[in-house]
Amino acid sequence: MSDSNTTDFTNPSTFILLGVPGLEAAHVWISIPFCTMYIIAILGNFIILFIVKTEPSLHGPMYYFLCMLAITDLVLCTSTVPKMMSIFWFNSREIDFSACLTQMFFIHCFFAIESGIFMAMAFDRYVAICDPLRHSTTLRNRIVAKIGLAVVLRGSMLALPCPLLARQLPYCRTNIILHTCCEHIAVVNLACADTRISSYYGLIVASSAICLDMFFIAVSYTQILRAIFSLPTKDARLKTFGTCGSHLFAILAFYIPGLFTLLTYRFGHHVALHFHILFANVCLLVPPMLNPIIFGVRTKQIRDRMLRLFIHKGT
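These numbers were taken from a predicted model, which means no experiment stands behind them. (Residues numbered from 1 in each chain as written. Predicted model: local features only at pLDDT ≥ 70, side-chain atom pairs only at ≥ 80, totals over all residues. Heavy atoms only, no water.)

(A) Quick look at the state of the cysteines. Tallying each qualifying case throughout the model produces two disulfides. Here C100 connects covalently by a disulfide to C182, the sulfurs 1.9 Å from one another. Disulfide C100-C182: the torsion about the S-S bond is -120 degrees, which places it as left-handed. With C100 in helix α4 (residues 97-130) and C182 in the loop between β3 (176-177) and α8 (184-188), the pair connects residues that are 82 residues apart, well separated along the chain. A residue is classified by how much of its surface remains accessible, and C100, at 0% relative accessible area, is buried. Shown here is the disulfide that connects C172 with C192, its sulfur atoms set 1.8 Å apart. Taking the sign of the torsion about the S-S bond as the criterion, the disulfide between C172 and C192, at about 135 degrees, is right-handed. With a gap of 20 residues between them, C172 in the loop between α7 (161-168) and β3 and C192 in the loop between α8 and α9 (196-229) connect regions that are remote in the sequence. Assessed through its relative accessible area of 25%, C192 is described here as partly exposed. Unpaired in terms of disulfides, C35 finds its nearest cysteine sulfur in C77, a separation of 11 Å. Assessed through its relative accessible area of 17%, C35 is described here as buried. Free of any disulfide, C109 has its nearest neighbouring cysteine sulfur in C162, separated by 10 Å. (Disulfide = S-S within 2.5 Å. Helix = DSSP H or I, 4+ residues; strand = E, 2+ residues; numbered from the N terminus. Buried < 20%, exposed > 50% of the residue type's maximum accessible area, 1.4 Å probe, protein only.)

Structure (structure tokens):
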């Protein structure tokens, strides 16, 4: 494996993922929390999928969207963590050029899909609270499937130009990526040509998609809060708001770190590189780890089914 950064090439066959620059000696220690979060994310999301599949009472729009979220989380963290662990544990830094672009697509595609699923879940809560009599007819299984398909297609179409634009660039200075994964900007910065189109596309698409989804989520919850505060008793208000609590916690855990990472990557030029990389990895791992915990603890039907599952196994 060659780590030379002076090779003259236009289309490299491989890239070198450096990991966390400046903290190479601590790679093994850094791997421990990331590996732990990955294991929790894998187990938690598979448990959510198993519970929803085996419990007929959970076969409804809210839980179908939750299954979509679990699958998205599994793909999102699995597209980066195995390679990251191979860098930290075995110093296996090489990644094929096509594999790197594929990883780039999966990261950005499923990040956009997850954002779209949160928007769909907000719409589900809006219909369930503001127009409960039409919930079962508005969000039939067929409609839920169409919404899921639209979210996947939107994420794919938004993410696909990133690797396509990156493939067209000449890489004649270096093939060393200062990151643990093939993040779009980290790869594009290696090119020795004008990268403004690719950079602007990544910035505009990421910010517009996230901001648009957040806008529709905010509109939905504005209407939901108005409906909740119009209820006659405090108990009714608390009970109704409780059905949205897990969704709100998951939204905050996803959007706040994501927006912070986006802003620091674009404007935080004085922030240490290793902080950028570590925080970007946290953003990819924390939501998949927290989502099954949040929905499992705060959603009574899932919590009760989970308790019955473990009590039965224990018995």
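(B) Region of interest: the packing of α4 against helix α6 (residues 141-159). Between α4 and α6, whose axes approach to 8 Å, the crossing angle comes to 145 degrees. Note that α4 runs across α6; the crossing there is right-handed. Across the interface between the two elements, F105, H108, C109, A112, I113, S115, G116, I117, M119 and A120 from α4 touch I147, V151, V152, R154, G155, S156 and A159 from α6. Taken together, the residues of the contact of α4 with α6 sort by class into eleven nonpolar, five polar and one charged. (Axes fitted to C-alpha atoms, helices over the stretch in contact; angles between N-to-C directions. Left-handed = near helix turned anticlockwise from the far one by under 90°. Contact = heavy atoms within 4.5 Å. Nonpolar A, V, L, I, M, F, W, Y, C, P; charged D, E, K, R; others polar.)

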